[in-house]
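# Observations on the model geometry
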Protein chains: 2
Amino acid sequence: MPLSGTVVVDLSRIIAGPFCTALLGDMGAEIIKIETPGKGDPLRKQGAMVDGLSWYYALFNRNKKSVCLNTRDDQGKAVLARLLEQADVVVENFRPGVMEKMGFGPDRLKEINPDLIQASVTGFGCDGPYSKRPAFDFIAQAMSGLMSLNGEPEGGPVRDPLPITDLISGLYAAFGVACSLVGKRKGGGGEKVQVAMVDGIISFFAYMSANYLATGQLPQRTGNDHPIVSPYGVFRTSDGEVALAPSNDGVYQKLLSALGLERLNDDPRFATNDLRMTHRSEINAFIEEVTKTETKAHWVKVLNEHGVPCGVIQNLEEVFNDPQVLHQQMVMDVEQPGYGTIKMTGFPVKLENRPCKVHTPAPELGQHTQEILTRIGLSPKEMAALRENGII
Amino acid sequence: MPLSGTVVVDLSRIIAGPFCTALLGDMGAEIIKIETPGKGDPLRKQGAMVDGLSWYYALFNRNKKSVCLNTRDDQGKAVLARLLEQADVVVENFRPGVMEKMGFGPDRLKEINPDLIQASVTGFGCDGPYSKRPAFDFIAQAMSGLMSLNGEPEGGPVRDPLPITDLISGLYAAFGVACSLVGKRKGGGGEKVQVAMVDGIISFFAYMSANYLATGQLPQRTGNDHPIVSPYGVFRTSDGEVALAPSNDGVYQKLLSALGLERLNDDPRFATNDLRMTHRSEINAFIEEVTKTETKAHWVKVLNEHGVPCGVIQNLEEVFNDPQVLHQQMVMDVEQPGYGTIKMTGFPVKLENRPCKVHTPAPELGQHTQEILTRIGLSPKEMAALRENGII
């Protein structure tokens, strides 16, 4: 697999860091997840539990090995140093300063292993005025501007339902690590790779940020209407709603033809996209008059055949039974030892030669402590002593 | 830079593919953007224009070179084949089948260059029942389940205001290419790297998908309330609102202490998170009674000092003047030849040794045609003939 042979020591917990390491693990890196003895990642107890297993934990920790280690203890720190000596990457999502307090600041890490890639995900950045604040996805959504853009025009700002700033920053961190590995193969040394949750989502504002920076005009919340395209949005049919996205004049003409509404071309109110923006409710009414006469399935078929992007608004039950989603293997059955077959979402990146797979299901707490510590040279006697003292 | 020496031929346009190649270019890859002579990427004409320049185009096409080439013409195809011969990566976001129709299907690409990484971003996947449908971010949001989760509990499904499925799939494609490059340096050959917009967002559903797959219970839209944590949300102050995210019992205790509400510990309605979920409006009222007595700035300071994640809901004007955002250099001044200094969002991945930078501002249409075609061995006479025929 692409990242086979890459060893990642994973000090992260909950979401952003573990998402980064899950993605690296999916690509074949060996992920050594360090967990507090007897406790482990809090995610083990979050989300819906089935027979004592959190499927949320299982999803975010597939393709990882679990090593119990008390990193606040001096003997534990010595073991961690030996692990880092032989690793390619370390990933953490502590608040800035915590690694230093643990005795593993950037300079110490370089001493231990000058080739180590040090990846960190923080809320606001590793330094600067807000760096010491506790971070959380919801706060990053609020402060980044995302919430100000999300929602209906007549309502207030709304949070994104996904932990989106955690996930985007985790994915960016995985990308940064992979790029750093490419450079490294060409002879570079280790380096810090830092991603802040707020920065990640800001980089996703696309035309929202570009237009604001160009004009100084604040973008407004527009709900399901597109801020600069009309017609566009959600339309009623005889048995529910469809989403329509005619993205330009060419596709708009295809829409009129599919709906038998070519006569609207003679109506001066609808001659250009700008005019259709002004007369949005009128043109929407004409369209809905037609779409209401047939079913969702009818319009999805007919409009797509005419080249007009059109789809239904699916809930998760419909999504996970959708023939295309199943074709793409976006729901997987995974054998979880001790729990039978569980389901989780699949791999979005499809590599031809070396496809992602679950080579290691999410580990039991400390399942690989002995394997990994033996590899770095601890004797059974040393391990027994550490275990006795609650350090592993 | 990490990807220096990597040559990417970029056949993509608009958003998803160009976002992927912008990210690769930020990391130092040479991006050769192929554009239709006289027309170019439609993004050049989208978004707010200043003196004829789209800042949206400039943002998404920084760090790229532009080569004009009519790839529907046989002579143009011959030039493209020579470009691909010497490239490491090709990126495209056509509908499935278009590359084959152009004469550059996967087998032909392997013939031309067996080491070529072939990256593609599609709406639904390269094959399967929906693969021939036209794709668009809004439709991917509807069909993936994202819209069903976004919005207020009493309202309908709402689209995400960002072209989120385009951007996530573009970032995943960049990650896939980087991983494939890591493998390649170890002796692997070329391969297809495929990402579908719907798959990318499905992989972001985190506990929403895990809980649904574990229990069969559909997640509900909860607006600004967290589906499984209380208190949590947006609270009024004397001069606006703050977002509060006490994520667990420990942080909840810090919140009570910061607000002087320790007496709520004696109230059996609020003894556990589950009980606080049931009595959400009551506990929210107690909290707001206190938060309304002071300003946003007061609570942001006091609550963060107490270790409670808290922030204001900023609009883009506030974001781009925020001291931490500026500290992180998330707004950059870029010298755009012919247009003076323009502004764009910065780089979310901070690499220590080889930081991302704008080494090449977004190109004029065909600005690098001569440079690149000279490099692959075309003579001035050949180029003159191609230019005369409108092929370059």
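Residues numbered from 1 in each chain as written. Chains lettered and ligands numbered in written order. Predicted model: local features only at pLDDT ≥ 70, side-chain atom pairs only at ≥ 80, totals over all residues. Heavy atoms only, no water.

Right, let's talk about the sheet that holds strand S14 (residues 349–351) of chain B for a bit. Spatial ordering of the open sheet is given by S5(A)-S2(A)-S1(A)-S6(A)-S7(A)-S8(A)-S14(B), a layout of seven strands whose pairing is mixed. Single-partner strands in this sheet number two, and they are strand S5 (65–68) of chain A together with S14 of chain B. Pairwise comparison of adjacent strand axes, ignoring direction, gives a mean angle of 20° for this sheet. Where strand S7 (residues 117–122) of chain A meets strand S8 (residues 192–196) of chain A, five bridges bridge the pair, whose relative direction is parallel. The residue bridging Ser120(A) from the neighbouring strand is Gln194(A), located in S8(A). (Pairing = 2+ DSSP bridges. Helix = DSSP H or I, 4+ residues; strand = E, 2+ residues; numbered from the N terminus. Axes fitted to C-alpha atoms, helices over the stretch in contact; angles between N-to-C directions.)

With respect to the secondary-structure elements, Asp160(B) resides in the loop between helix H7 (146–149) and helix H8 (164–185). The buried charged residue Asp160(B) lacks any salt bridge, with Arg159(B) as its nearest oppositely charged partner at 7.6 Å. Of the polar contacts made by the side chain of Asp160(B), one reaches the backbone nitrogen of Leu162(B); its length is 2.9 Å. The residues touching Asp160(B), leaving out its near neighbours within four places in the chain, are Asn150(A), Asp160(A), Gln141(B), Leu146(B) and Asn150(B). (Buried < 20%, exposed > 50% of the residue type's maximum accessible area, 1.4 Å probe, protein only. Lys, Arg positive; Asp, Glu negative; His and termini not counted. Salt bridge = Lys/Arg side-chain N within 4 Å of Asp/Glu carboxyl O. Polar contact = N/O pair within 3.5 Å; in protein donor to acceptor, adjacent residues only side chain to side chain. Contact = heavy atoms within 4.5 Å.)

Here we take up the sheet that holds strand S10 (residues 240–244) of chain A. All names here are of chain A. As summarised here, the arrangement of the three strands in space is S9-S10-S11, forming an open sheet in which the pairing is antiparallel. Strands with a single pairing partner mark the edges of an open sheet, and in this sheet they are strand S9 (233–237) and strand S11 (310–312). This sheet shows a mean twist of 35° between the axes of neighbouring strands, independent of strand direction. In this sheet, S10 lies alongside S9 in antiparallel orientation, the contact comprising five bridges. Paired with Thr237 across the two strands is Gly240, which belongs to S10. Of the strands in this sheet, S9 and S10 are in contact with helix H13 (residues 280–291), which crosses S9 at around 40°.

To continue, consider unusual backbone geometry. Residues and elements named next belong to chain A. Note that the residue after Ser230, namely Pro231, is joined by a cis bond; omega there is -5°. Secondary-structure assignment places Pro231 in the loop between helix H10 (206–215) and S9. At Asp51, a position not held by glycine, the phi torsion is positive, near 55°. Residues other than glycine seldom take positive phi values, yet Asn63 does so here, at roughly 60°. Relative to the assigned elements, Asn63 resides in the loop between helix H2 (55–60) and S5. Judged by its relative accessible area of 1%, Asn63 falls in the buried class.

Relative to chain B, chain A is turned by 180° and slid 0.0 Å along the rotation axis, the superposed coordinates differing by an RMSD of 0.0 Å. Viewed as a symmetry operation, the transformation between the two copies matches a two-fold axis. In this assembly, 100% of the residues forming the interface of chain A have copies in chain B that are likewise at the interface, indicating an isologous arrangement. (Least-squares fit on C-alpha atoms with pLDDT ≥ 70 in both.)

Turning to the pattern of salt bridges, a few remarks are in order. Residue and element names in this part refer to chain A. According to the stated counting rule, one finds 32 salt bridges over all chains in the structure shown. For Asp249, the salt bridge goes to Arg276, with nearest N and O atoms at 2.9 Å. In this pair, Asp249 is assigned in helix H11 (residues 249–259) and Arg276 in helix H12 (residues 273–278), connecting sequence segments 27 residues apart. Asp249 gets classed as partly exposed once you look at its relative accessible area, which sits at 47%. Because the salt bridges share partners, they merge into one network encompassing Glu30, Lys65, Glu371 and Arg375.

Each side of the interface is counted separately: chain A has 138 residues, and chain B has 138 residues. When chain A packs against chain B, the two sides together hide about 11,900 Å² of surface, and 68% of this comes from carbon and sulfur. Across the contact surface, chain A and chain B share four salt bridges. Residue Glu191(B) is joined to Arg354(A) by a salt bridge in which the shortest nitrogen-to-oxygen separation is 2.3 Å. Our enumeration of links across chain A and chain B arrives at 44 residue pairs in polar contact (both at pLDDT 80 or more). For the side of chain A that touches chain B, the element with the most residues is helix H8 (residues 164–185) of chain A, which contributes 16 residues. Looking at side-chain class alone, the side of chain A that touches chain B contains 81 nonpolar, 38 polar and 19 charged residues. (Buried area = accessible area lost by both parts, 1.4 Å probe. Nonpolar A, V, L, I, M, F, W, Y, C, P; charged D, E, K, R; others polar.)

A pair of packed helices can be characterised by two numbers: the angle between their axes and the separation between those axes. All names here are of chain B. Put simply, helix H11 (residues 249–259) and helix H13 (residues 280–291) touch, their axes get as near as 10 Å, and they point 40° apart. In terms of orientation, H11 lies oblique with respect to H13. For H11 against H13, the interelement crossing comes out left-handed. Of the residues in H13, those touching H11 at Tyr252, Leu255 and Leu259 are Ile283, Ile287, Val290 and Thr291. Looking at the contact of H11 with H13 residue by residue, the class counts come to six nonpolar, one polar and no charged. (Parallel < 35°, antiparallel > 145°, perpendicular 65-115°, else oblique. Left-handed = near helix turned anticlockwise from the far one by under 90°.)

Residue and element names in this part refer to chain A. The alternating pattern of strand S6 (residues 89–92) places Val89 and Val91 on one face and Val90 and Glu92 on the opposite face, and all of these are buried. Examined bridge by bridge, strand S1 (residues 7–10) and S6 share three bridges and lie parallel to one another. Each residue of the ladder has a partner; that of Val8, found in S6, is Val89. Note that S6 and S7 share four bridges and pair parallel. From the neighbouring strand, Val91 faces S7, where its bridge partner is Ala119.

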